[in-house]
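Architecture at a glance
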Amino acid sequence: MLVSCDNDVASTLLPSSEVLHFMTSLEFMLDKEPQIGACFKKDGPLGVGYCDYPNFQDWMAGWSHCRNTNQNFPEGYMKMIGDHLHNALEKGITVLEPGCGRGRHVL
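Residues numbered from 1 in each chain as written. Predicted model: local features only at pLDDT ≥ 70, side-chain atom pairs only at ≥ 80, totals over all residues. Heavy atoms only, no water.

**A closer look at unusual backbone geometry**
Put simply, the test is: Each helix is a run of H or I in the DSSP string that is no shorter than four residues. Each strand is a run of E no shorter than two, and both are numbered from the N terminus.
In the Ramachandran plot, Asp43 falls in the positive-phi region, its phi being about 65° despite a non-glycine side chain. As for its placement among the helices and strands, Asp43 is situated in the loop between α3 (33–38) and α4 (56–71).

This is how it looks when you write it as structure tokens:
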């Protein structure tokens, strides 16, 4: 029996639950087990194709949302790393934040 919880249901039940969001990844990851296992065999494939995970971008966007909500980013993160970077940012240093997925950071 397969128990599934799609992203809409998960976000309604617990919108910022990292554990619940991780559990939604199991459905699209576990069905790739044979392909992943083949990669460990001698002369096996070098990996599983990104195209084999068509829901990854949606999942990653949701994961980033959970992480950012739970970590109170950027304020919570800035408190963790101390005053030096915060002060430098206040003074206007130039930074690069390449992002991930749909424009949310994953720190």
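**With respect to the pattern of salt bridges**
Put simply, the rule reads: We count a salt bridge whenever a side-chain nitrogen from Lys or Arg sits within 4 Å of a carboxyl oxygen from Asp or Glu. Type-normalised accessible area, obtained with a 1.4 Å probe on protein chains alone, sets the label of each residue: buried when under 20%, exposed when over 50%, and partly exposed for intermediate values.
A complete count under the given rule lists one salt bridge for this structure. One salt bridge in this structure joins Asp31 and Lys32, with 3.2 Å as the shortest N-O distance. For Lys32, a relative accessible area of 12% corresponds to the buried category.

**Notes on the side chain of Lys32**
Note the cut-off: Nitrogen and oxygen atoms within 3.5 Å of one another constitute a polar contact, given that in protein one can donate a hydrogen and the other can accept it, and given that sequence-neighbouring residues count only through two side-chain atoms. Contacts are residue-level and defined by heavy atoms, with any inter-residue pair within 4.5 Å sufficient.
Considering the arrangement of structural elements, one finds Lys32 in the loop between α2 (18–30) and α3. Here Asp52 takes part through its backbone oxygen, which lies 3.2 Å from a polar atom of the side chain of Lys32. Setting aside anything within four residues of it in sequence, one finds Lys32 in contact with Asp52 and Tyr53.

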